[in-house]
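# Observations on the model geometry
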Amino acid sequence: MNPFLFDVIITFAAGFLDAVGVTYLSGIFVSFMSGNSIGFGIAVAHGRTAVAIPIASAITSFVVGAFIGSLIAQRRISATMIVLMLEVAMIVLSIFLVGEINGFIALLPVCLAMGMQNAIPRPVSGIAIGRSFVTGELFGIGHSLAFALQDRRQFRQAALHAASWLTIVLGAISGAVSLAQFGLAPCLGACAVVLFALMAIDACAQFAALRKIIKVPPR
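Residues numbered from 1 in each chain as written. Predicted model: local features only at pLDDT ≥ 70, side-chain atom pairs only at ≥ 80, totals over all residues. Heavy atoms only, no water.

Right, let's talk about the environment of Asn-2 for a bit. With respect to the element layout, Asn-2 can be found in the segment before helix 1 (3-24). According to the relative accessible area criterion, Asn-2 is partly exposed, its value standing at 46%. The spacing of Asn-2 and Trp-165 is 163 residues in sequence and 19 Å in space, taken between C-alpha atoms. (Helix = DSSP H or I, 4+ residues; strand = E, 2+ residues; numbered from the N terminus. Buried < 20%, exposed > 50% of the residue type's maximum accessible area, 1.4 Å probe, protein only.)

Along the chain, Val-30 turns up in the loop between helix 1 and helix 2 (33-45). The exposure class assigned to Val-30 is buried, which follows from its relative accessible area of 1%. Between the C-alpha atoms of Val-30 and Ile-59, which are 29 residues apart in sequence, the distance is 8.3 Å. When neighbours within four sequence positions are excluded, Val-30 is seen to be in contact with Leu-17, Asp-18, Gly-21, Phe-62, Leu-107, Val-110, Cys-111 and Met-114. (Contact = heavy atoms within 4.5 Å.)

Next up on the list: the packing of helix 6 (residues 134-148) against helix 7 (residues 154-182). The geometry of a pair of packed helices is captured by two quantities: the angle between their axes and the separation between those axes. Orientation of helix 6 relative to helix 7, taken along the N-to-C sense of each, is 160 degrees, at an axis distance of 8 Å. By the angle class used here, helix 6 and helix 7 are roughly antiparallel. As helix 6 packs across helix 7, the resulting crossing turns out to be left-handed. Of the residues in helix 7, those touching helix 6 at Val-134, Glu-137, Leu-138, Gly-140, Ile-141, Ser-144, Leu-145, Phe-147 and Ala-148 are Gln-154, Phe-155, Gln-157, Ala-158, His-161, Ala-162, Ser-164, Trp-165 and Ile-168. Of the residues assigned to the contact of helix 6 with helix 7, the class counts are 11 nonpolar, six polar and one charged. (Axes fitted to C-alpha atoms, helices over the stretch in contact; angles between N-to-C directions. Parallel < 35°, antiparallel > 145°, perpendicular 65-115°, else oblique. Left-handed = near helix turned anticlockwise from the far one by under 90°. Nonpolar A, V, L, I, M, F, W, Y, C, P; charged D, E, K, R; others polar.)

So, on to helix 3 (residues 49-73). Counted at 1.5 Å a residue, the expected span for helix 3 with its 25 residues is 36 Å, and the 36 Å between its end C-alpha atoms agrees. Those residues of helix 3 that are buried are in contact with helix 2, helix 4 (79-100) and helix 5 (108-117). (Expected span 1.5 Å × (residues − 1).)

Among the structural elements, Gln-154 can be located in helix 7. Overall, the relative accessible area of 17% leaves Gln-154 in the buried class. When sequence neighbours within four positions are dropped, the list of residues in contact with Gln-154 reads Ser-144, Phe-147 and Ala-148.

Here the distance between the centres and the angle between the planes together describe a pair of aromatic rings. For the structure shown, the criterion picks out one aromatic pair. Summarising the aromatic geometry, the rings of Phe-29 and Phe-32 are spaced 5.1 Å apart at their centres and angled 90 degrees between planes, so their arrangement reads as edge-to-face. Since its relative accessible area comes to 22%, Phe-29 is described here as partly exposed. (Phe/Tyr/Trp six-rings, centres within 6.5 Å; stacked < 30°, edge-to-face > 60°.)

Our next topic: the pattern of salt bridges. Going through the model one piece at a time under the given rule, you end up with one salt bridge. Put simply, Asp-151 and Arg-153 hold a salt bridge, and the shortest N to O gap is 3.1 Å. Taking the relative accessible area as the measure of exposure, Asp-151 reaches 24% and is therefore partly exposed. Accessibility expressed as a relative area gives 64% for Arg-153, which makes it exposed. (Salt bridge = Lys/Arg side-chain N within 4 Å of Asp/Glu carboxyl O.)

The next subject is a nonpolar patch on the surface. Nonpolar side chains collect at one region of the surface, where Leu-138, Trp-165, Leu-166, Leu-170, Ile-173 and Val-177 lie side by side and expose about 520 Å² of accessible area between them. Position of Val-177 among the secondary structure elements: in helix 7. For Val-177, a relative accessible area of 48% puts it in the partly exposed group. (Patch = residues over 30% accessible without salt bridge, like charges linked within 9 Å, V, L, I, M, F, W, Y side chains within 5 Å. Areas by Shrake-Rupley, 256 points an atom, 1.4 Å probe, with all protein chains shown as cover.)

See below:
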């Protein structure tokens, strides 16, 4: 699959799930850990343990997910497919937990999935887009535009950062609207289906590449 299209899809999914999570959990993000870190600091400053513990749990789950995803990414072969498969499994687990448990625990597997997802974006023109680093994308726009005054090729990099930021925003809009219309479980289910389809496409692409390497004659 085209690396840019791949990154756009997983970025949209991150924005979608973050909007769903932050609305359902009244301010706790499943992917945007900068916001969670500020919220955690405020909660600790005011002694609001009931708020600090869920946020700390979300941050911890994300870090664990990033650790697992990065370990898998080092495999190189089939890493993307494995990470996407685990992501889908975590989202499905959350769908089950939503029906059994109220509160932040039900969405901790999604936080873990988002941490894993940040380990698999594919560089486009040497730029690592496709992650849920919103501040980084906005900085990238300004940074690239500054250098574009001397090198027009930097306009392309600014455009890539802008596309990544816009994709996150569009995903968040879709997530907020979908949650209001359909509820939490259907939203999680829709995202799981999209990521499963992405995994299947990646698996087919790897199989096709493997056939070329070993030169298996078609039947």
